[in-house]
Amino acid sequence: MPGSRSSRTTVSEAVVPVVAPIDVIVDAVQCIDQLEVDVANDVSARSIYTGGNDDNHRKAAQQWENTITGVGQRFNSFSEFREALHKYSIAHGFAYKYKKNDSHRVTVKCKCQGCPWRIYASRLSTTQLICIKKMHYNHTCEGSAVKAGYRATRGWVGSIIKEKLKDSPNYKPKDIADDIKREYGIQLNYSQAWRAKEIAREQLQGSYKEAYTQLPFFCEKIKETNPGSFATFTTKEDSSFHRLFVAFHASISGFQLGCRPLIFLDRTPLNSKYQGELLAATAVDGNDGIFPVAFAVVDTETEDNWCWFLQELKLAISTSEQITFVADFQNGLKSSLSDIFEKCYHSYCLRHLAEKLNKDLKGQFSHEARRFMINDFYAAAYAPKLDTFERSIENIKGISPEAYDWVIQSEPEHWANAFFNGARYNLLSSNFGQQFYSWVSEAHELPITQMIDALRGKMMETIYTRRVESNQWITKLTPSKEELLQKETLVARSLQVLFSEGSRFEVRGESVDTVDIDNWDCSCKGWQLTGVPCCHAIAVFECVGRNPYDYCSRYFTVDNYQLTYAESIHPVPNVDRPPVQGESTALVMVTPPPTKRPPGRPKIKQVESIDIIKRQLQCSKCKGLGHNRKTCKVS
């Protein structure tokens, strides 16, 4: 090894030129990067020259042979000088190492032992320019340095691919390595290309670490540009990030004025550099579209973080109306909801319940048996009346008494339509807000402030688009509810209505149902579950001369829909601007959380639908599950 790490002078984060903070950050990254490569080059070739007559290398030589011209040449920054030196070494086919490398001077020599080539650059007196003060132009190594390989640090490759990554965010490491090999004759392995992409992304998007330091400023900007919004964060004792809550005024107002008192709670993992989880509260507008109310970024999904999120949510929406929550029953949500929202209804998310049932039954039953049980479980949940509910769970009992007991003990009053007392409009799963989570998946690799601002931009655009669209509607109800009402009206024409005194009527068709128009009730439960009159009620209205539109939930009218999107989310300028010295928000120190993305390629796994149950291995010899004939232990 040419020299120990401790023998070199490196850039320290504490040594920051006041006039050029960005240069120093880049210098520090490249300097650390350079040291890593110096050590790695002696063990295994970090970049391998593919041949002296290679056309690609000639291309690089023609482009870069004069990036360093000699004594007196000036540069705007040390990073510019180092980049020029990189290109110069590739064009002339030699490797080099730093003898001095700090924020005031740089001394570089040829890596080949005994070769006199060296260069010295320092800051030009009374200016911020960097000038080459000394240079020994000649090499005596006669190409032996070529065999040591060309230097291709992550920072350098990152600067090369930066523009292409900007145009193609899905630029793959394999393609990066292929392009660098083809264009510059330098061989990179997958890991090097992946890390170069990370550096290029950080150069384009900004530092992940610095984004946390900007959180106080960013939260203040949200509240300043969107009055009435909530943007608050907490840190741990060591000043590391803990959690961030955001609720824009337009979302709060839209929920209070136009949305049903129905909120879906769910979470999605973040695969950013520092990991974390995004907790979200979403509602549903009058046209069955997703309406984000509030969200939070937390370090991990814990009972404490969910409790904090719900407390902040209650403070933001500040409504006395009884809300129905569709949410998981685990991670402390069951107790937190009942404690914080005293009079709320908690509907257990059907997807989470079905996943737990499937998991608990796995290994005990065949693929077909579990599929039938899950289907019967869904049928029991959606069954509007007690008799159809009992029929569905009896089907489960016929397959497995244990599964039947599991369903009975899972508190059906919290998830089955036949027993649930709250109004959830036949929406039984907390992952209703898939569109919002798709926005998160598009932005989760950004630094935290930029990710939040990207979500804000999506919400701002959606609010504007839906407001413009609704101005063109000419019906009384929103399109989806108008379509449902017309569908029920067609069925109503084939029904027979028997009159009686008062507001109760008997309606005959495939079944016999009782309608009470004054109490908005029908024995089929369709009216109560959806908020739109069922075919039996519409048949009665046509007979007594009443208007079905007068009996639709107010949340489905176009006027109410327009109230939902009456307020706008405003831009938050200067998201990436670092806090100015002296600002009150700059006094709050926020550092990244200790959790970091694990090494290797991120595992991106989409949530699998419970309706698609993977087929288990089944032994053809003993008919057992979880193994095949070859590994069967039955003699």
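The shown structure was predicted, so the numbers you read here are calculated from the model rather than taken from an experiment. Residue positions are counted from 1 within each chain, in the order its sequence is given. Two thresholds apply to this predicted model, a pLDDT of at least 70 for residue-level local features and 80 or more for giving and counting side-chain atom pairs, whereas whole-chain, interface and lining totals are computed over all residues. Hydrogen atoms and water are omitted, and side-chain values are computed over all heavy atoms in the structure.

(A) Here's a closer look at the overall build of the protein chain. Scanning the protein chain for helices and strands turns up 22 helices and 16 strands. Only protein chains enter the accessibility calculation, which uses a 1.4 Å probe. A residue is then buried if its area is under 20% of the maximum for its type, exposed if over 50%, and partly exposed in between. A burial count over the protein chain gives 49% of its 635 residues as buried. Within the protein chain, residue pairs in contact and separated by at least 24 positions form 65% of the contacts whose partners lie at least 6 positions apart. Total accessible area computed for the protein chain in this model is approximately 30900 Å², and 50% of it derives from carbon and sulfur atoms. Per the convention used, a helix needs a DSSP run of H or I reaching at least four residues, while a strand needs a run of E reaching at least two, with both numbered from the N terminus. Contacts are assigned to residue pairs that have any heavy atoms within 4.5 Å of one another. In short, Shrake-Rupley with a 1.4 Å probe defines the accessible areas, and a residue's cover is counted only from the protein chains shown.

(B) View of empty space enclosed by the protein. The rule is simple: put a 1 Å grid over the protein atoms alone, call a set of points where a 1.4 Å probe fits but cannot get out a cavity, call an open set with protein on both sides within 12 Å along at least five of seven lines a pocket, and count a residue as lining if it has an atom within 4 Å of a point. Grid points are joined across faces, edges and corners, and a volume is the space filled by probe spheres set on the points. This model, assessed by the stated rule, comprises four cavities of 30 Å³ or more. If you add up the space inside the largest cavity, you get close to 100 Å³. For the largest cavity, the lining is made up of 18 residues, of which Y212, S272, Q275, L446 and I448 are closest to its centre.

(C) The UniProt feature "domain: SWIM-type" (unreviewed entry) in the protein chain, seen in detail. UniProt positions are given in the numbering used here, feature names are shortened, and annotations may be inferred rather than shown by experiment. Mapped onto the present numbering, the UniProt feature "domain: SWIM-type" (unreviewed entry) falls at residues 513-545. A helix fraction of 45% and a strand fraction of 18% characterise residues 513-545, whose end C-alpha atoms lie 20 Å from each other.

(D) The packing of aromatic side chains, seen in detail. The aromatic pairing rule takes the rings of Phe, Tyr and Trp, using the six-membered ring of Trp, and pairs them if the centres are within 6.5 Å, calling planes under 30 degrees apart stacked, those over 60 edge-to-face and the rest tilted. By the definition in use, this model includes 30 aromatic pairs. Centre to centre, the rings of W527 and Y551 are 6.1 Å apart; their planes meet at 65°, and the pair counts as edge-to-face. Of this pair, W527 sits in helix α20 (residues 526-530) while Y551 sits in the loop between α21 (535-544) and α22 (558-564), and the two are 24 residues apart along the sequence. With respect to burial, W527 and Y551 carry one shared label: buried. Counting every residue linked through ring pairs, the aromatic cluster contains Y88, F94, Y96, Y98 and W117. Sitting above the plane of the Y425 ring, R260 keeps its charged end 5.0 Å from the centroid. Counted as over-ring charges are cases with an Arg CZ or a Lys NZ within 6 Å of the ring centre that also lie within 35 degrees of the ring normal. One residue, R371, lies across the ring of F372, its end atom 5.1 Å from the ring centre.

(E) How the structure looks around the pattern of salt bridges. For this document, the term salt bridge refers to a Lys or Arg side-chain nitrogen within 4 Å of an Asp or Glu carboxyl oxygen. All chains considered together, the criterion is met by 23 salt bridges. The salt bridge partner of D304 is R243, with a shortest N-O separation of 3.0 Å. Note that D304 is positioned in helix α11 (residues 303-317) and R243 in strand β7 (residues 241-247), a separation of 61 residues in sequence. Where R508 meets E506, a salt bridge forms, and the shortest distance between an N and an O atom there is 2.7 Å. Residues joined in a network through salt bridges with shared partners are R260, D288 and K481.

(F) Region of the structure containing the sheet that holds strand β15 (residues 512-516). Between any two strands, at least two bridges found by DSSP are needed for them to pair. Strand order in the open sheet formed by four strands is β13-β14-β15-β16, and the pairing between neighbours is antiparallel. Of all the strands in the sheet, just β13 (496-498) and β16 (521-522) have a single pairing partner and so form its edges. Two elements, strand β14 (residues 504-508) and β15, share five bridges in a ladder whose sense is antiparallel. Bridge pairing in β15 links R508 to V512.

(G) Main features of the nonpolar core. Take the buried residues of types Ala, Val, Leu, Ile, Met, Phe, Trp, Tyr and Cys, join any two whose side-chain atoms come within 4.5 Å, and each joined set is a nonpolar core. Core analysis: the biggest nonpolar cluster contains 67 residues, and L265, L278, F295, F309, L313 and F436 have the highest contact counts within it. Counting residues per element, this core draws most heavily on strand β10 (residues 290-298), which supplies eight residues. Setting aside anything within four residues of it in sequence, one finds L265 in contact with A280, A281, W306, F309, L310, L313, F325, V326, A327, L333, L337 and S430. By size, the runner-up hydrophobic cluster in this structure holds 29 residues, among which are F264, L495, I517 and I538.

(H) Representation of the pairing of strand β5 (residues 130-136). Sheet topology places strand β1 (residues 74-75) next to β5; two bridges connect them, and they run antiparallel. Counterpart to R74 in the pairing with β5 is C131.

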